[in-house]
Amino acid sequence: MQAPDGLDDLYQDIILDHYRSPRNQGALEHPHLHGEGFNPFCGDQIHLTMTLGEDGRINGVGFVGQGCSISQASASMLSDQLKGKTLDEAEAFVRMFKGIMQGEEVSEELEEEIGEIASLQGVRQFPVRIKCALLGWTTLQDAIREYRETAS
Ligand code: ZN
């Protein structure tokens, strides 16, 4: 049996929980990195801010956004996993997630590592929603690129 929107029930519960109670809500006051993302197909928006510690690791994350449940839940899940990562690690994390969205198989080890993010693999059944799921991640990627360009 399929859930009304075709997503597995368990996955749907996790996504709705993040949509209703997004983690790391808000914009940081003096961010080192910031990015704006917009998905014209769905009207989703994400504004992402991050701070870096002296060790070069992300130590603060805040995002505000509006749009569909997939876009906001995905950004919330991403924001939950960024603290403690270097920018290189964050970029590798984005590549991993894009790979999943492009159809790469999720091994049991990876599924354990990424936790709730694994729930988004159900979105692959709905190609038009993949852009929604990726919005927070491409916003992060753009923010890192811009930071590197202005820092060098
Ligand atoms: Zn959307």
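Residues take numbers from 1 onward in each chain, read along the sequence in its written order. Reporting of local features is limited, given that this is a predicted model, to residues whose pLDDT is at least 70; pairs of side-chain atoms are given and counted only at 80 or more, and all residues count toward the totals for whole chains, interfaces and linings. Only hydrogens and water are set aside when side-chain values are computed; all heavy atoms of the structure are taken into account.

### So, the coordination of the zinc ion
Moving on, step 1. At the metal site, the zinc ion is ligated by Cys 42 (SG), Asp 44 (OD), Cys 68 (SG) and Cys 132 (SG), and these contacts range over 2.1 to 2.4 Å.
Moving on, step 2. Around the zinc ion, the four donor atoms sit at angles spanning 99 to 117°, and that spread fits a shape best called tetrahedral.
Moving on, step 3. Nitrogen, oxygen and sulfur within 2.8 Å of a metal are treated as its donors, or within 3.2 Å for sodium, potassium and calcium (Na, K, Ca); water is not counted, so a site can appear incomplete. Written as a sequence motif, the donor arrangement for the zinc ion is C-x1-D-x23-C-x63-C. Here Cys 132 lies in helix 5 (residues 127-151) and Asp 44 lies in strand 2 (residues 44-52), a separation of 88 residues in the sequence. Note on accessibility: Asp 44 and Cys 132 belong to one class, buried. The geometry test gives tetrahedral to four donors whose angles all lie between 85 and 135 degrees, gives square planar to four donors and octahedral to six donors whose opposite members are over 155 degrees apart with all other angles between 65 and 115, and gives irregular to the rest. Where helices and strands are cited, they refer to DSSP runs of H or I of at least four residues and of E of at least two residues respectively, numbered from the N terminus. Think of it in three bands: residues with accessible area under 20% of the maximum for their type are buried, residues over 50% are exposed, and the middle band is partly exposed, with areas taken using a 1.4 Å probe on protein chains only.

### Things to note about the nonpolar core
A general trend in soluble globular proteins is that nonpolar side chains are found buried together.
Moving on, step 1. Core analysis: the biggest nonpolar cluster contains 42 residues, and Met 50, Phe 97 and Leu 140 have the highest contact counts within it.
Moving on, step 2. Of all the secondary structure elements, the ones that give two or more residues to this core are helix 1 (9-20), strand 2, strand 3 (58-66), helix 2 (69-81), helix 3 (87-101), helix 4 (108-114) and helix 5.
Moving on, step 3. With near-sequence residues (within four places) excluded, Phe 97 lies in contact with Ser 74, Ile 117, Leu 120, Ala 133, Leu 134 and Trp 137. In these notes, a set of buried Ala, Val, Leu, Ile, Met, Phe, Trp, Tyr and Cys residues joined through side-chain atoms within 4.5 Å is what counts as a nonpolar core. The criterion used for residue contact is that any of the two residues' heavy atoms lie within 4.5 Å.

### Section: the sheet that holds strand 2
Strands pair in a sheet through their backbones, by hydrogen bonds, and they do so in one of two ways: parallel or antiparallel.
Moving on, step 1. The pairing criterion is simple: DSSP has to find at least two bridges between the two strands. Read from one edge of the open sheet, three strands run 1-2-3, paired in antiparallel fashion. Pairing within the sheet leaves two strands with one partner each, and these edge strands are strand 1 (33-39) and strand 3. On average, each strand axis in the sheet is tilted by 15° relative to the strand beside it, whichever way the strands run.
Moving on, step 2. Here strand 2 pairs with strand 3 via eight bridges, running antiparallel. Counted as the bridge partner of Thr 51 is Gly 60 from strand 3. Each axis is a line fitted through C-alpha atoms, and for a helix only the stretch in contact is used; angles between axes span 0 to 180 degrees, taken between their N-to-C directions.

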